[in-house]
Amino acid sequence: MKLKLSRSTTSATQIHFFTKEDAKTITDFSGESGETEVRYDRKNTMIYCGLGEKALCNAQVIRSASARGIRKAIELKRDGVSLVLPSQKLRVEGSEKAAVEGMLLGSYSFSKYKSEKPHTVKTAEITGDLSSTELKKIETICRGVNYARDLVNSNASEITPEKLAQEASALSLSKRIKVTVLNEKKLKQQGLNLLYAVGQASPYPPRLIIIKYSGDPKSKQRTAIAGKGITFDSGGQNLKPTGHIETMRMDMAGAAAVLGTMKVLSELKAAVNVTGVIGAAHNAIGENSYFPGDIYKSYSGKTVEINSSDAEGRLVLADTVAYCHKNCKPDRLIDLATLTGGILFALGDLVAGIFSNDDKLADELFKSGEKSGERLWRFPLYKEYCDAMRGDLSDLRNLSKFKKGYASSITGAAFIKEFIGDIPWAHIDIAGTAFNEGQARGEIPQYGTGFGVRLLTEYLLK
Ligand code: BES
Ligand code: ZN
Ligand code: ZN
C-alpha cells in the first residue's frame, strides 16, 4: 500500500472515526467500538468506524477500529482510500500513529499459496496532523511486523534454520549490521551441545545466528534480543499428537520477531546498539533424534537431563543466551519464545507472559506493551520454581519435578534463568500471542501475528 499525506480528503472512499457522543447526530449508527458502517453519498463511500465512549477511547481502540475500517474497504474492493485521522476531535495520546498502524496491520493478507489473490487497496491518503517523518517510521515498523507474519505463516519446509540465517545475512547490506552464523559443525566444535542435539535429527541442520547492529557509536550500552527459532516442533521422540502438531511451523515466531525488529532498526537507522541472536533448529523425529533420559553438557558448562524432547525451546535458548552473554556481552537481554502451551491457559492469546530478574526492565517492558498494544503480564520466579529444575544425576533437568503441567510457563523461564549470567534479563512467552487460530480481530490477523516487533521497537526506540 502506497501512503501519502494530504491536507484535504480527495478519495471517494473515506474512513472516518466516531465516538458514541459524536454519533448522536448520525441516524442508525451508535458509534459503539467494534461497529463499522458503510454510507453512500452520491459518488462517495463513507466507512464509519465506532470508537465507543469518548472517556474510554485509547490508542488500542483506534488501532483496532482502523483495522476494521480498512478491511471493509478491501471487502468493497476499493483501490484507494482516505484515512481521516481522529485527532482533531479526540485528545488521545498517539491517536494518529494508532490509526495508521491499524490500517497497515489490518490490511495484511497472506496469499502466497492462494491461486486467486485477494483484493488489495493500492493507495491510502492520510489527512490530519502527522509529519512525513512520523509516517515513514510507522510504515517501517508495520512492514517489519508484516515481514515477521510472513515468516511465521510460510511452510516449515521453506523457513528452515539456514533460511533464517539467509534472512539475517540479507540485513548485512547495511553498514551498521554485522551478521555471524555458526553452522552445525561450528556448533558442535564450540560446545553448543543442547542446540546441536535438538537439531541433529533433521535434514535441515541447526544454526546460531548473530545480528550485531551498531547505530550509536557514542554509547557503550547494548541490548540483546534473543529468539527461539524452532522451524518445526514435532516434539521429537516425545512426539506431539494430532491436534497439537499442525501449527508447529509457528515455533520460530520469536526468531521472526527478532528478525523483524532488526530490520526495522536498520531501516530507521536508529541510534541504538542492539544484538539480535537466534537459536534455529528443526526439532525432528528420526533415527538420529536425541534421547529422553540422556544428559548433555550445555555451552555454559552446566549439565542437563533431557526429560522431554518436546521441551526443546528452553534447551535451544539455554545455549543461545549463554553464547550471547559470553561473546556479545550485552548490558541486558530480552528473549522471546513460543515456549509453553501453559501460557495459553493463563493468558489466552491476548497477552504474553513476562518473567524477569530485574524489576526496572520488567516495568519498562510492561509500559512498552501498554503503549504498543502488545501487552504483557508478569509472573513470579520464586526460588521454589528454580529449585524444581535441579537434577538428580545432572545439574539441571528440562522438566520440573512438579506434577505434570504445574506452573509449566514459570518453570520453563526458571530454566532459562540458569544461563543468562548476572545481567538484567526478561523472558517473554509468546506461545499464545504469536499465532491466532481464530478469526481476525482488529489489527490481529488470522495465523501469524508478528507479535513482538511493535513491543521491542517501542522499548528500544524510546
Ligand atoms: N512449542 C511448544 C510450545 C507451544 C505450545 C507453542 C502450543 C505454541 C502453542 C514447546 O516446545 C512445547 O512443546 N512445550 C511443552 C513444554 C512441556 C513439555 C514442559 C508444553 O508446553 O507442553
Ligand atoms: Zn516442544
Ligand atoms: Zn517448541
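The paragraphs below set out a description of the structure included in this document. (Residues numbered from 1 in each chain as written. Chains lettered and ligands numbered in written order. Predicted model: local features only at pLDDT ≥ 70, side-chain atom pairs only at ≥ 80, totals over all residues. Heavy atoms only, no water.)

### Brief notes about the environment of Y290
- Note that Y290 resides in the loop between β10 (273–283) and β11 (295–297).
- Along the primary structure Y290 and Q200 are separated by 90 residues, whereas in three dimensions their C-alpha atoms are 7.3 Å apart.
- With sequence-adjacent residues up to four places away left out, Y290 is seen in contact with A197, V198, Q200, Q237, N283, Y296, I306, S309, E312 and L315.
- One polar contact links the side chain of Y290 to the main-chain carbonyl oxygen of S309, over a distance of 2.9 Å. (Helix = DSSP H or I, 4+ residues; strand = E, 2+ residues; numbered from the N terminus. Contact = heavy atoms within 4.5 Å. Polar contact = N/O pair within 3.5 Å; in protein donor to acceptor, adjacent residues only side chain to side chain.)

### A closer look at helix α1 (residues 59–75)
- Taking 1.5 Å per residue, 17 residues should reach 24 Å; α1 reaches 24 Å between its end C-alpha atoms and fits that length.
- Buried residues dominate α1, accounting for twelve of its 17 residues.
- Taken as a whole, α1 has its buried residues at A59, I62, R63, S64, A65, S66, A67, R68, G69, I70, A73 and I74.
- Measuring from the backbone nitrogen of Q60 back to the side-chain oxygen at the start of α1 gives 3.1 Å, which picks out N58 as the cap. (Expected span 1.5 Å × (residues − 1). Buried < 20%, exposed > 50% of the residue type's maximum accessible area, 1.4 Å probe, protein only.)

### Focus: the coordination of the zinc ion (ligand 2)
- Of the protein atoms, only D233 (OD), D310 (O), D310 (OD) and E312 (OE) coordinate the zinc ion (ligand 2), at distances of 2.0 to 2.2 Å.
- If you look at the zinc ion (ligand 2), its six donor atoms make angles of 72 to 169° with each other, and the shape they trace is irregular.
- Donor residues for the zinc ion (ligand 2), ordered by position in the chain, follow D-x76-D-x1-E.
- In this structure, the zinc ion (ligand 2) lies 3.3 Å away from the zinc ion (ligand 3), the two metals sharing D233 as a donor. Separated by 77 residues along the polypeptide, D233 in strand β9 (residues 223–233) and D310 in the loop between β12 (303–305) and α8 (313–327) bring together distant segments of the chain. (Donors = N, O, S within 2.8 Å, 3.2 Å for Na, K, Ca; no water. Tetrahedral: all angles 85-135°; square planar, octahedral: opposite > 155°, others 65-115°.)

### Considering the sheet that holds strand β4 (residues 44–50)
- Across the sheet, which stays open at both edges, the six strands sit in the order β1-β6-β5-β2-β4-β3 with mixed pairing between neighbours. The open sheet is flanked by β1 (2–6) and β3 (36–41), the only strands paired with a single partner. Shown here is a sheet whose adjacent strand axes are inclined to one another by a mean of 25°, direction ignored.
- Sheet topology places β3 next to β4; six bridges connect them, and they run antiparallel. Bridging from a neighbouring strand, Y40 pairs with T45 of β4.
- Along the sheet face, α1 touches β2 (13–18), β3, β4 and β5 (80–84) and points at about 150° away from the line of β4. (Pairing = 2+ DSSP bridges. Axes fitted to C-alpha atoms, helices over the stretch in contact; angles between N-to-C directions.)

### Considerations on helix α10 (residues 359–372)
- Between the first and last C-alpha of α10 there are 20 Å, a value that for 14 residues agrees with the 20 Å anticipated at 1.5 Å per step.
- Looking at α10, one finds that the buried residues are L361, A362, L365, S368, G369 and S372. When α10 is viewed along its axis, its buried side chains cluster within an angular range of 125° and face the same direction. When the buried face of α10 is taken as reference, the exposed residues oriented beyond 90 degrees from it are D359, K360 and K367.
- Buried residues along α10 sit against α1, β13 (332–337), β14 (352–356), β15 (376–378), β17 (425–429) and α13 (453–461).
- Here α10 starts with a cap whose side-chain oxygen sits 3.3 Å from the backbone nitrogen of K360, and that cap is D358.
- One or two residues past the end of α10 sits G373, with phi positive at roughly 90°. (Arc of directions from axis to C-beta.)

### Observations concerning unusual backbone geometry
- You will see that K269, though not glycine, has its phi angle at about 50°, which is positive.
- Examined against the element boundaries, K269 turns out to sit in the loop between α7 (253–268) and β10.
- One non-glycine residue, K329, lies in positive phi territory at about 45°.
- Mapped onto the elements, K329 comes out in the loop between α8 and β13.

### A few points about the site of ligand 1
- Surveying the vicinity of ligand 1 reveals 15 residues, the closest of which are K240, D251, D310, E312 and G341.
- One nitrogen or oxygen atom from the side chain of K228 is found 3.2 Å from an oxygen atom belonging to ligand 1.
- In this structure, an oxygen atom belonging to ligand 1 sits 2.9 Å away from a side-chain N or O atom of D233.
- In this structure the site holding ligand 1 corresponds to the largest pocket. (Near = heavy atom within 4 Å. 1 Å grid on protein atoms, 1.4 Å probe; cavity = no way out; pocket = protein on both sides within 12 Å on 5 of 7 lines; lining within 4 Å. Sits in = over half its atoms within 2 Å of the grid points.)

### With respect to empty space enclosed by the protein
- In the structure shown here, the tally under the stated rule is two cavities of 30 Å³ or more.
- One number sums up the size of the largest cavity: a volume of about 40 Å³.
- Lining of the largest cavity is provided by R63, K97, E101, I141, K371, S372, R454 and E458.
- Sorting the residues of the lining of the largest cavity by element identifies α2 (95–106), α10 and α13 as the ones contributing at least two each.
- Per-class residue counts for the lining of the largest cavity are one nonpolar, one polar and six charged.
- The volume enclosed by the second largest cavity comes to roughly 30 Å³.
- Taken together, A148, V152, A253, A256, A257, A434, G450 and F451 form the lining of the second largest cavity.
- Elements represented by at least two residues in the lining of the second largest cavity include exactly α3 (132–153) and α7.
- Among the elements that make up the lining of the second largest cavity, the one with the highest residue count is α7 (three residues).
- Tallied by class, residues from the lining of the second largest cavity come to seven nonpolar, one polar and no charged. (Points joined across faces, edges and corners; volume = space filled by probe spheres on them. Nonpolar A, V, L, I, M, F, W, Y, C, P; charged D, E, K, R; others polar.)

### Examining the packing of aromatic side chains
- Following the criterion strictly, the structure yields eleven aromatic pairs and no others.
- Between F110 and Y113, the ring centres sit 5.6 Å apart and the planes meet at 75°, which makes this aromatic pair edge-to-face.
- By relative accessible area, which is 26% here, F110 ends up partly exposed.
- Consider the rings of Y382 and Y385, whose centres lie 6.4 Å apart with planes at 20°: the pair is stacked.
- A network of ring pairs unites the aromatic residues F18, F29 and Y48 as a single cluster.
- The lysine or arginine in question, K302, covers the ring of F419, its NZ or CZ lying 6.0 Å from the ring centre. (Phe/Tyr/Trp six-rings, centres within 6.5 Å; stacked < 30°, edge-to-face > 60°. Lys NZ or Arg CZ within 6 Å of the ring centre and 35° of its normal.)

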